[in-house]
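# Working through the structure, step by step
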Amino acid sequence: ITTGANLSANKTLKKSKSPFIVKDGITVNSGVTLTLEPGVVIKFYSGESYLIGVGPIKALGAAADKIIFTSFKDDAYGGYLNADAVSTTPAAQDWKTIEIQGSGTEFDQTIIRYGGKVVSGVTFGRANLKVISTSVSIKNSAIEEAGIYGIWLDTVSGTVEGNTLKNNKNDNLAAGLYLVGGSASISSNTFDTNKVGLKIETGNTSSVNSNTFTGNQSHAIFMVSSHPTFSGNTVSNNGTNGIMITGNVSQDYTFVNNLTYVIEAAYAVNSGKTLTINASTTVKFKDTSSAIDVNGKMSAEGTALSRIVFTSLNDDSFGGDTNNNGTTTAPAAGDWRSVSFIAGSATSTLDNVRVRYGGGFFSASGAVRIADSSHEITNSVFESNNFNALWLTGTGTTTVSNTAFRNNSTAIRKESPHVFLDAGGNTFTGNTTDLLEL
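These remarks concern the structure in this document. (Residues numbered from 1 in each chain as written. Predicted model: local features only at pLDDT ≥ 70, side-chain atom pairs only at ≥ 80, totals over all residues. Heavy atoms only, no water.)

### Re the overall build of the chain
Looking only at helices and strands, the chain features zero helices and 48 strands. In terms of overall dimensions, the chain has C-alpha extents of about 80 × 40 × 40 Å along its principal axes. For the chain, with 438 residues in total, the buried portion stands at 53%. Restricting the contact set of the chain to residue pairs at least 6 apart, pairs at least 24 apart contribute 52%. By element, 47% of the accessible surface of the chain is carried by carbon and sulfur atoms, the whole surface being about 15,800 Å². In the chain, the 31 positive side-chain charges and the 35 negative ones have mean positions that sit 6 Å from each other. (Helix = DSSP H or I, 4+ residues; strand = E, 2+ residues; numbered from the N terminus. Buried < 20%, exposed > 50% of the residue type's maximum accessible area, 1.4 Å probe, protein only. Contact = heavy atoms within 4.5 Å. Areas by Shrake-Rupley, 256 points an atom, 1.4 Å probe, with all protein chains shown as cover. Lys, Arg positive; Asp, Glu negative; His and termini not counted. Charge placed at Lys NZ, Arg CZ, Asp CG, Glu CD.)

### Some words on the side chain of His-375
By the secondary structure assignment, His-375 is in strand 40 (residues 375-378). A polar atom in the side chain of His-375 sits 2.8 Å from the side chain of Ser-373. If we ignore the near neighbours within four places in the chain, the residues touching His-375 are Phe-341, Ser-345, Ala-346, Thr-347, Ser-348, Ile-370, Thr-397, Thr-398 and Thr-399. (Polar contact = N/O pair within 3.5 Å; in protein donor to acceptor, adjacent residues only side chain to side chain.)

### Focus on unusual backbone geometry
The peptide bond linking Ser-18 to Pro-19 adopts the cis configuration, its omega dihedral lying at 10 degrees. You can see Pro-19 is positioned in the loop between strand 2 (11-13) and strand 3 (20-22). Despite not being glycine, Ser-280 shows a phi value in the positive range, around 75 degrees. Here Ser-280 shows up in the loop between strand 31 (274-277) and strand 32 (282-285). Residue Ser-280 is classed as partly exposed on the basis of its relative accessible area, which comes to 27%. One non-glycine residue, Asn-324, lies in the positive phi region at around 55 degrees.

### What to know about the environment of Lys-15
Looking at where Lys-15 falls in the secondary structure, it is placed in the loop between strand 2 and strand 3. Separated by 50 residues in the primary sequence, Lys-15 and Asp-65 have C-alpha atoms spaced 9.7 Å apart. Excluding anything up to four places from it in sequence, Lys-15 contacts Glu-37, Pro-38, Gly-39, Val-40 and Asp-65. A polar atom in the side chain of Lys-15 sits 3.0 Å from the side chain of Asp-65.

### What about the pattern of salt bridges?
This model, assessed by the stated rule, comprises 15 salt bridges. A salt bridge links Glu-37 to Lys-14; its shortest N-O distance comes to 3.4 Å. Taken as a pair, Glu-37 in the loop between strand 5 (34-36) and strand 6 (41-44) and Lys-14 in the loop between strand 2 and strand 3 lie far apart in primary sequence, 23 residues in all. Here Glu-37 falls in the partly exposed class, since its relative accessible area comes to 26%. Lys-14 gets classed as partly exposed once you look at its relative accessible area, which sits at 39%. Between Asp-65 and Lys-15 there is a salt bridge, with the nearest N and O atoms lying 3.0 Å from each other. Here Asp-65 is found in the loop between strand 8 (57-60) and strand 9 (67-71), whereas its partner Lys-15 is found in the loop between strand 2 and strand 3, with 50 residues between them in sequence. (Salt bridge = Lys/Arg side-chain N within 4 Å of Asp/Glu carboxyl O.)

### As for the environment of Thr-282
Within the secondary structure, Thr-282 sits in strand 32. Taking the C-alpha atoms as reference points, Thr-282 and Ile-308, 26 residues apart in sequence, are found 5.9 Å from one another. Each residue touching Thr-282, except ones within four places of it in the same chain, is listed here: Thr-260, Tyr-261, Val-309, Phe-318 and Gly-319.

### Some thoughts on the nonpolar core
Phe-69, Leu-153, Met-298 and Phe-310 are the most contacted members of the largest nonpolar core, which totals 86 residues. Apart from residues lying up to four places away in sequence, Phe-310 is in contact with Ile-277, Val-283, Phe-285, Ile-292, Met-298, Ala-300, Trp-336, Val-339, Val-353, Arg-354, Val-355 and Arg-356. Listed in part, the twelve residues of the second largest apolar core include Ala-127, Ile-148, Tyr-178 and Val-180. (Core = buried A, V, L, I, M, F, W, Y, C linked by side-chain atoms within 4.5 Å.)

### Details of the sheet that holds strand 21 (residues 190-192)
Either a parallel or an antiparallel arrangement is found when strands of a sheet pair, and the pairing is made through backbone hydrogen bonds. Across the sheet, which stays open at both edges, the nine strands sit in the order 3-6-9-12-15-18-21-24-27 with parallel pairing between neighbours. The open sheet has two edge strands with one neighbour each: strand 3 and strand 27 (234-236). The mean inter-strand angle of the sheet, taken between neighbouring strand axes irrespective of direction, is 10 degrees. Here strand 24 (residues 212-214) runs beside strand 27; their pairing, made up of three bridges, is parallel. Note on strand 27: the bridge partner recorded for Phe-213 is Val-235. (Pairing = 2+ DSSP bridges. Axes fitted to C-alpha atoms, helices over the stretch in contact; angles between N-to-C directions.)

What is shown is where atoms sit, not what they do.
As structure tokens, then:
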């Protein structure tokens, strides 16, 4: 049993002497390396037990001989060390955390589970594995049953690849992987039955590629005011089969055609910044409070065969069954608020977009709302929107061409002195009112 200790010289833990029990805490000092042989089992004795790596930790197991970090109560690895047979069972928060503070740490072919003790008002703990302001490599490992986060990367670079993050669902804030700031490579991982699969916050710019999200209770991905890149990811049977997104765009950013984006509340494009939406991308809105508010610029340019779609979360016709409820809910006019271009926003383009089921919240709203600014809408479709499909107010000139307005309450509401420039090719079908001028 190792009580509180600081390692001041390099040390190797050997499989032949395993398992090892950490009773209080161990800190690997700067300039010192802790190496674990394949097959080593480390058990953390209580909620006061932890491992801190200021110097590097080298935990490089093998597929048939993994390195284990687990609870003292976990009899699946290292035997019945507490001599109680099955009278106690392991659970999330049985021990505090592994916290990495320095560079050079590697985890490969490991299992880390039942940690992440939550201490009120203290951020130490909460995750099986927390990494702070450094680079790390975490590969081919299983991270499960954490207090809140399986892995927590705080302003971190490096690689998270080929891991399974599973059953991290012990708290309403829980997530398999939590990213705050930083920029890491997150690839080929499986996020299975967590509260949220991947949570991304506060300016993170990681690349998220070829991951699988399945059975996560709340969202596959939840993103706040961050700018990661996505490609090749797949989702199934999650509470939200897509990227739930809120906050703001504080640098030029692009929505790509990988997973469906779901706007949770008001998502703001900051002044001087551009949100680009690629062809074939589907953007859904959660409810009547959901909107994109453009203070900067939006470039949404689809093609005739690959339109960009703005629609309701309840609309399964585009982007699939994103809310994972089959046919329980159906879309309706007014399900979401608007795409709003705020006074002074830069000239933006909506080309080959489809706008459906918006215009909710209040009678003077519009699925697309343009105030005191000038924009261009071409080759698009506005359909089944409540109140106003397109609302123009204040000064400015909006040019609309080759666009179909169908089955809306009011197709276009124009409040003088805003100029609606019909550049030709527009059609109006089945609207209660085609053009309302005030």
